[in-house]
Amino acid sequence: MLTIHNSLTKQKEPFTPIEAGKVRLYVCGMTVYDHCHVGHARMIVVFDVVVRYLRYLGFEVTYVRNITDIDDKIIQRAHENGEDIQTLTTRFIQAMYEDIDALGVLRPDIEPRATESMPEIITMIARLLEKGYAYATRNGDICYTIQRFAAYGQLSGKQLDDLRAGERVVIDESKQHPLDFVLWKMAKSGEPSWDSPWGKGRPGWHIECSAMSTHCLGNHFDIHGGGMDLQFPHHENEIAQSEGATGEPFVNVWMHNGFVRVNNEKMSKSLGNFFTVRDVLKRYDPEVIRYFILTSHYRSPLNYSDQELDAAKQALTRLYTALRGLPQISYQKGQYSQRFHAAMADDFNTPEALSVLFELAKEINKNETPAEFGAELHHLGGILGLLQADPDTFLHGTDDVSEIEQLIAERLAARKQRDWAEADRIRDRLQELGVILEDGKEGTIWRKR
RNA sequence: GGCUGGGUGGCAGAGUGGUAAUGCAGCGGUUUGCAAAACCGUACCUCGCCGGUUCGAAUCCGGCCUCAGCCUCCA
């Protein structure tokens, strides 16, 4: 039985889909004005694992992850760069695919873009106006009136009276309530705009997700995910918009992943303490990053540092070392699978699930006939999107290996002559090249440090 | 000020009532020409602080200290 922590109720609940055997899931994706950083990578990998696991359990999953390709920051960045908006977003969408494909992330089933969803957005705003959930301000913007939505605050646990709008930002006098948010912004000169019944303009960020998710998945769907920072106000606003417009319940289960931290602070664009995925990929195998993300539970904070990545690399090396040289046989469910699945079914407890993989590695290493354990390890790793590379490929790296193999052959010859000095000299040389040797009964094998 | 979520052995990180998973690091041994990898054994520490409930708590309750996040955009 799969249980999932629901941010709405703040507890783990047994998961029951709305429609038997099917799961409809929406995750807030990227705003494409810059490269993905490790924080984005965490969100994307976490929900990739969620989707993989739901599918593994036999659910027919419809996974939707949007792309926000129009907003203030995009406009601003395009302006700074002196390029047009579409050129900018196209470039960063391409870059995003490069980054997350490298991390072994499966593509969503539907990937709606804000700029391609204007009819749905406009329809939803019109419905909110009809039902009295929205109003036009003096300057022509359309705003949501949160006081009309009685359940506002249910997700974040905030009471309207407790919220201090204007604490950190100037209050907009044209709004009825300081926390009312914009659904449709009137066009400014030089900015992209779309026609609407209220004149040319563009959508607010919150309405995009409400419109795209309900359009792709229906008014009421199973799971909505995103980063912890989106809980308020973004997801709170989505509930208000969607339930206001449709009159139906919006989402059954809300899932929020924790942050990546750097020196005990949230990694973020605004703090400037972020590492882009492509920079980290220059120094670490993508699978190491994926593994690193899964070493902590998805709701816990994850500390980013080189030491942590080194540790992840070392751990993954242990698993691949165990798999090296094993005959490929078909997987049969073993005793470890049960524990792996118990962990995963408990709110996707990947650290616990990974610990089972290490126990399998140990079993392989000490066992005379380890092929079955190897097949199980390979199979269970695959559920997490790990351990699918050829072990030698992982351990050797992707650079040219001919010089290394040449040196190893020379060392082997020296060892045959019992010329230990020469053998050790070559080994030192190889060490300089980052190669670690292992002399076994059946010859010498090696790996990259 | 309000709301969330945390504080676990040297480090990382699970565990939410029965006495600390897993990885790295440490120590002793096996193995090795020496190493490495691997295996076997092993220590440390008792789970932020104080009090309570219980036969029994890291795990429940109360108080306190402290950290992070949200209440602007943010995965």
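Our subject is the structure that appears above.
Notes on the structure follow.

1. Notes on the pairing of strand β7 (residues 182–186)
Within a regular strand, the side chains alternate between the two sheet faces. Both strand β6 (residues 142–144) and β7 contribute to a ladder of 2 bridges, which runs antiparallel. Residue pairing for β7: I142 is matched across the bridge by W184. Summarising the sheet, β7 and strand β8 (residues 201–203) pair through 3 bridges and their orientation is antiparallel. Opposite M186, over in β8, you have G201 as the bridge partner.

2. A look at helix α10 (residues 335–345)
Turning to α10, its buried residues are Y336, S337, F340, H341, A343, M344 and A345. Where α10 ends, the next residue or the one after it, D347, has phi of about 55 degrees, a positive value.

3. Focus: the pairing of strand β4 (residues 60–68)
Across the 9 residues that make up β4, a large majority, 7, are buried. Direction of pairing for strand β3 (residues 22–31) relative to β4: parallel, over a ladder of 8 bridges. Note that in β4 the partner of V23 across the bridge is V61.

4. Section: the environment of F149
For F149, the position within the fold is in the loop between β6 and β7. Under the relative-accessibility criterion, F149 is labelled buried at 9%. The spacing of F149 and N81 is 68 residues in sequence and 41 Å in space, taken between C-alpha atoms. In this structure, F149 is in contact with Y133, Y144, Q154, I239, A240, E243 and G244, ignoring residues within four places of it in sequence.

5. Brief notes about the packing of helix α4 (residues 118–130) against helix α5 (residues 205–217)
Relative orientation of the contacting elements α4 and α5 amounts to 105 degrees, with a least axis distance of 9 Å. In terms of their interaxial angle, α4 and α5 are classed as roughly perpendicular. Contact residues: α4 offers E120, I121, M124, I125 and L128, while α5 offers I207, E208, S210, A211, T214 and H215.

6. A few points about the pattern of salt bridges
Think of it this way: side chains of opposite charge can pair up when their charged atoms draw near. With the rule as written, the count across this model stands at 31 salt bridges. In this structure, R107 and D101 form a salt bridge, with 2.8 Å as the shortest nitrogen-oxygen distance. Given the relative accessible area of 35%, D101 is considered partly exposed. Among the salt bridges present, the one from E438 reaches R447, with a minimum N-O distance of 3.2 Å. E438 gets classed as partly exposed once you look at its relative accessible area, which sits at 26%. When its relative accessible area of 21% is taken as the criterion, R447 is described as partly exposed.

The rules behind these values
Residues numbered from 1 in each chain as written. Chains lettered and ligands numbered in written order. Predicted model: local features only at pLDDT ≥ 70, side-chain atom pairs only at ≥ 80, totals over all residues. Heavy atoms only, no water. Pairing = 2+ DSSP bridges. Helix = DSSP H or I, 4+ residues; strand = E, 2+ residues; numbered from the N terminus. Buried < 20%, exposed > 50% of the residue type's maximum accessible area, 1.4 Å probe, protein only. Contact = heavy atoms within 4.5 Å. Axes fitted to C-alpha atoms, helices over the stretch in contact; angles between N-to-C directions. Parallel < 35°, antiparallel > 145°, perpendicular 65-115°, else oblique. Salt bridge = Lys/Arg side-chain N within 4 Å of Asp/Glu carboxyl O.

As far as function goes, none of this settles anything; it's purely spatial.
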